[in-house]
Amino acid sequence: MGVVYCASCIFLLAALCGVPAAYGNAELRALMEIKLSLDPHDNHLSSWTDGGDPCSSGTFEGVACNEHRKVSNISLQGKGLDGKVSPAVAELKCLSGLYLHYNSLTGEIPKEIANLTELTDLYLDVNNLTGTIPPEIGDMPSLQVLQLCCNQLTGGIPPNMGSLKKLSVLALQHNRLNGTIPSRLGDSRMLKRLDLSFNHLSGSIPASLANITQLEVLDVQNNSLSGVVPPALKGLNGGFNCSNNPGLCGVGFPSLKFCTGWDQANIIQVDPSTNIPKNTTNNASVNSPISSNFHAHCNQAHCSSSSKFMQFAFVSGVITATVVLTIGGFLIFICCRRRKQKVGNTFDTSDGQLSTPQAKEFSRRIASPLLNLEYHNGWDAFANAYDRNGGFQEFPLGFNYHLEDVGSATQYFSKVNLLGKSKFSAVYKGILKDGSVVAVKSINVTYCKSEEAEFVKGLNLLTSLRHENLVKLRGFCYSKERGEFFLVYNFAPNGNLSQYLDVQDGSSHILDWTTRVTIINGIAKGILYLHSNQPSKPSIVHQNISIKKVLMDENLEPLISDSGLLKLLADDVVFSALKFSAALGYMAPEYITTGRFTEKSDVYAFGVIILQILSGRSKLSHLMRLAAETCRLEDFIDPYLRGKFFDSEAAKLTEIALACTHELPDLRPTMEAVVEELKACDS
């Protein structure tokens, strides 16, 4: 029979599990040692047993294996673990991902972890780990993401971290690290995000960091750094944060004071072999620049300009003319040479694109695939819902499609109809037999929830969503033979919102003011619907709102996509999607300490989108943010509008955006309040 009834026998993969379990093997013994260390009171990992099979579905919580039945992934984030990281983890030779963040682990990071030559992702952040960073970690050949932030680590940053040639993310913020920033970090040519903020680091910012062409984010705020900031770091725009380092100076950085001879003379010289200062002199007492983190009242048509930042610091003592001329000449020489350096700024990652070339580029750019494994499931998500007449009792009538319908609509998943592709899904354009144009999202079942009840609950949630500003789900389909689950949506013919930002002057994609306001209002109404608790649906936090998740219909009305989709996906896949969202700037700051999403997290992302729409730019620089906060609309609103906007309306929208992106979630408005403010803005 060529027809597969689409919502039956989902995840029936038990046949793949025919290989007998490797009872008593070295990996099982290692896992039991790891359990005893991570969960000494056996409160959370009771499913890990001596007689169990780590590669059998559901028997070892958070453990997944590769096709060779070797442990490839341990995902135990946010489980309440209060033990220590065991050196026995080094026995899992095929481990590619270790996720132990958002727990209460103590003790030191075992140096044996460096023996994991296949490890790409190491997440130990938001725990209570102490001790120093093992220098052996600098010898891990496959490491791409190293997250050690929000612990109590001490000591210096090992210089050989620069030997991690594949490292894309290094997050060490919110620890007690001291010493200087190793210049050898500049050897990590694949590094995109380097966060060293909120530590006790001293010395200067190495010029070698400005030579990392892939670097997009460098955060060194709240340390004790001093000296001249490499001019080439200006290329990072909003990706460079050096606030609350009173000893720093630089040219062309609005938040920094100008450099003087005194600043140049007091740069700490570092021995590269030991990462220890060779000699230091007493730093002059320098006043911090006035904070730019304040909100103006933007509900007026015209706003007064803010006072300018302090540009010069007074230097005590008298410097002879000879010294001034010598140092001045040296500074000019240095600045001229460094001005030739360039820093790349390609901050463009996402979990899905709308064209085949974009999808291929995205696949090439991914820092590290989170998983390469299969979930072995033996249940039928629709066993109780299916009836012999081809209907599904548990879901609304008409939501079930046959594979034949979906296949013929997409020309049997022809590459010609491929709209975009990510690690866990692909999207095809299709035309149903009734002439309806649809978008078909294909999801590999290995990336879906492994528990039947959770998956069905998530699918029920998707079918309950109905709002004019959400992409409409028409139905779903499952193919056991293909191992894929299909979601059939209405097609949005005008792409996504990102295609209407960063456009060139004269482009037909430049949105007029009225359209921008309409889009902002529509997105707000869609999010409010998700957050509302109704008889037909519970309150939903989207978690992953961005300009790429806002599609445009034939009238350029906004449609929020992927609402509720994360409820269908495995936790590891969700985390993979969210870490790219964080890199794009949509992640609320409180997530770093709580690891949880709330409605206020969506509000934060919405505020970022407002700023993007008003400015016409997807990347918000520090200067643009400052212009918005000080109500200098002429320096913030998209210049391609050529002044064709209403000052009072622009000021009000800017005020709403700044309120939504407040650092403290309790001080952000609810979406209900936002929608009311937007109504007042229209009146």
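Whatever comes next refers back to the structure up there.
Keep in mind that what you see is a predicted model, and the values were worked out from it rather than measured. (Residues numbered from 1 in each chain as written. Predicted model: local features only at pLDDT ≥ 70, side-chain atom pairs only at ≥ 80, totals over all residues. Heavy atoms only, no water.)

Draft legend 1. Quick peek at the overall build of the chain. Regarding its fold elements, the chain presents 13 helices and 21 strands. Expressed as a percentage of its 683 residues, the buried residues of the chain come to 53%. Here the contacts in the chain between residues at least 6 apart in sequence split such that 62% fall between residues at least 24 apart. Here the chain has roughly 30,300 Å² of accessible surface; of this, 52% comes from carbon and sulfur atoms. (Helix = DSSP H or I, 4+ residues; strand = E, 2+ residues; numbered from the N terminus. Buried < 20%, exposed > 50% of the residue type's maximum accessible area, 1.4 Å probe, protein only. Contact = heavy atoms within 4.5 Å. Areas by Shrake-Rupley, 256 points an atom, 1.4 Å probe, with all protein chains shown as cover.)

Draft legend 2. The arrangement of the pairing of strand E15 (residues 418–421) in detail. In this sheet, strand E16 (residues 425–431) lies alongside E15 in antiparallel orientation, the contact comprising 3 bridges. Across the sheet, the residue bridging to Lys421 is Ala426, located in E16. Adjacent in sequence and paired antiparallel, E15 and E16 are bridged by 3 residues. (Pairing = 2+ DSSP bridges.)

Draft legend 3. Structural view of the state of the cysteines. In total, this model carries 1 disulfide according to the counting rule given. For Cys55, the disulfide goes to Cys65, at an S-S distance of 2.0 Å. Where Cys55 bonds to Cys65 through sulfur, the torsion about that S-S bond is close to -85 degrees, and the disulfide is left-handed. One end of the pair, Cys55, is in the loop between helix H1 (26–38) and strand E1 (63–65); the other, Cys65, is in strand E1, with 10 residues separating them in the sequence. Here the two residues Cys55 and Cys65 agree in accessibility, since each one is buried. (Disulfide = S-S within 2.5 Å.)

Draft legend 4. How the structure looks around the packing of helix H10 (residues 599–615) against helix H12 (residues 647–660). Running from N to C, H10 and H12 point in directions that differ by 145 degrees, and their axes come no closer than 7 Å. Here the hand of the crossing between H10 and H12 comes out left-handed. Facing H10, whose interface residues are Val603, Tyr604, Phe606, Gly607, Ile610, Leu611 and Leu614, H12 presents Ala650, Leu653, Thr654, Ile656, Ala657 and Cys660. Among the residues making up the contact of H10 with H12, the classes are represented as 11 nonpolar, 2 polar and no charged. (Axes fitted to C-alpha atoms, helices over the stretch in contact; angles between N-to-C directions. Left-handed = near helix turned anticlockwise from the far one by under 90°. Nonpolar A, V, L, I, M, F, W, Y, C, P; charged D, E, K, R; others polar.)

Draft legend 5. Quick look at H12. With 14 residues, H12 should reach 20 Å at 1.5 Å per residue; the first-to-last C-alpha distance of 20 Å fits that figure. Looking only at H12, the buried set comprises Glu649, Ala650, Ala651, Lys652, Leu653, Thr654, Ile656, Ala657, Leu658 and Cys660. (Expected span 1.5 Å × (residues − 1).)

Draft legend 6. Seen up close, the sheet that holds strand E3 (residues 97–99). As summarised here, the arrangement of the 9 strands in space is E1-E2-E3-E4-E5-E6-E7-E9-E11, forming an open sheet in which the pairing is mixed. In this open sheet, the two strands that pair with only one neighbour each are E1 and strand E11 (240–241). Pairing of strand E5 (residues 145–147) with strand E6 (residues 169–171), which is carried by 3 bridges, proceeds in the parallel orientation. Looking across to E6, one finds that Leu146 is bridged to Leu170.

Draft legend 7. Seen up close, the pattern of salt bridges. Using the criterion set out here, one finds 14 salt bridges in the structure. Residue Asp53 is joined to Arg69 by a salt bridge in which the shortest nitrogen-to-oxygen separation is 2.7 Å. A residue pair is termed long-range when its members are at least 10 positions apart, and Asp53 in the loop between H1 and E1 and Arg69 in the loop between E1 and strand E2 (71–75) qualify at 16 residues. Each member of the pair, Asp53 as well as Arg69, is classed as buried. In this structure, Arg474 and Asp434 form a salt bridge, with 3.9 Å as the shortest nitrogen-oxygen distance. In this pair, Arg474 sits in strand E18 (residues 473–479) while Asp434 sits in the loop between E16 and strand E17 (437–444), placing the two residues 40 residues apart along the sequence. (Salt bridge = Lys/Arg side-chain N within 4 Å of Asp/Glu carboxyl O.)

Draft legend 8. Geometry of the side chain of Glu27. With respect to the helices, strands and loops of the structure, Glu27 is situated in helix H1. Put simply, Glu27 is tucked away with no salt bridge, and the nearest opposite charge, on Lys70, sits 4.9 Å away. Look past the residues within four positions of Glu27 in its chain and what remains in contact with it is Arg69, Lys70, Val71, Glu91, Leu92 and Lys93. (Lys, Arg positive; Asp, Glu negative; His and termini not counted.)

Draft legend 9. Layout of H1. Across its 13 residues, H1 extends 18 Å between first and last C-alpha, which sits within 8% of the 18 Å expected from 1.5 Å per residue. Looking at H1, one finds that the buried residues are Glu27, Leu28, Ala30, Leu31, Met32, Ile34, Lys35 and Leu38. Residues of H1 that are buried sit in contact with E2. Where H1 begins, the capping side chain belongs to Asn25, and its oxygen is found 3.3 Å from the backbone nitrogen of Glu27. (Polar contact = N/O pair within 3.5 Å; in protein donor to acceptor, adjacent residues only side chain to side chain.)

Draft legend 10. Seen up close, the packing of aromatic side chains. Enumeration according to the criterion identifies 8 aromatic pairs in this entry. Seen in terms of ring centroids, Phe413 and Phe486 are 5.1 Å apart; in terms of plane orientation they differ by 15 degrees. Their pairing is stacked. Taken together, the residues span a long stretch of sequence, with Phe413 in the loop between helix H5 (403–409) and E15 and Phe486 in strand E19 (residues 484–490) at a distance of 73 residues. For the residue pair Phe413 and Phe486, the accessibility class agrees, reading buried in each case. Here Phe476 and Phe485 contribute two aromatic rings whose centre-to-centre distance is 6.2 Å and whose plane-to-plane angle is 20 degrees, an arrangement assigned as stacked. Both residues of the pair, Phe476 and Phe485, count as buried. Through successive ring pairs, a cluster of aromatic residues spans Phe413, Tyr428 and Phe486. (Phe/Tyr/Trp six-rings, centres within 6.5 Å; stacked < 30°, edge-to-face > 60°.)

Draft legend 11. Just the pairing of E18, in detail. Of all 7 residues in E18, 6 are buried, a share of seventy percent or more. Relative to E19, E18 runs antiparallel, the two sharing 6 bridges. Paired with Ser479 across the two strands is Glu484, which belongs to E19. Two successive antiparallel strands, E18 and E19, enclose a turn made up of 4 residues, where Gly483 displays a positive phi of approximately 65 degrees.

Draft legend 12. Layout of the sheet that holds E17. Read across the sheet, 5 strands follow the order E15-E16-E17-E19-E18 without closing on themselves; strand pairing throughout is antiparallel. In this open sheet, the two strands that pair with only one neighbour each are E15 and E18. On average, each strand axis in the sheet is inclined to that of its neighbour by 20 degrees, with strand direction left out of account. Here E17 runs beside E19; their pairing, made up of 7 bridges, is antiparallel. Bridge assignment links Lys441 to a residue of E19, and that residue is Leu487. Across the face of the sheet, helix H6 (residues 452–464) comes into contact with E18 and E19 while running at roughly 10 degrees to E19.

Draft legend 13. Broad picture of the packing of helix H7 (residues 513–531) against H10. Close contact between H7 and H10 brings their axes to 11 Å; oriented N to C, the two are set at 175 degrees. Looking at the two axes, H7 sits roughly antiparallel to H10. Contacts from Trp513, Arg516, Ile519, Ile520, Ile523, Ala524, Ile527 and His531 in H7 reach Glu599, Asp602, Phe606, Ile609, Ile610, Ile613 and Leu614 in H10. (Parallel < 35°, antiparallel > 145°, perpendicular 65-115°, else oblique.)

Draft legend 14. Molecular detail of unusual backbone geometry. Of note in this structure, Asn222 is not a glycine but carries a positive phi near 60 degrees. Structurally, Asn222 is set in the loop between strand E9 (217–219) and strand E10 (224–228). Positive phi outside glycine occurs at Gln411, with the angle close to 55 degrees. Locating Gln411 in the fold gives a position in the loop between H5 and E15.

Nothing here speaks to function; it is geometry throughout.
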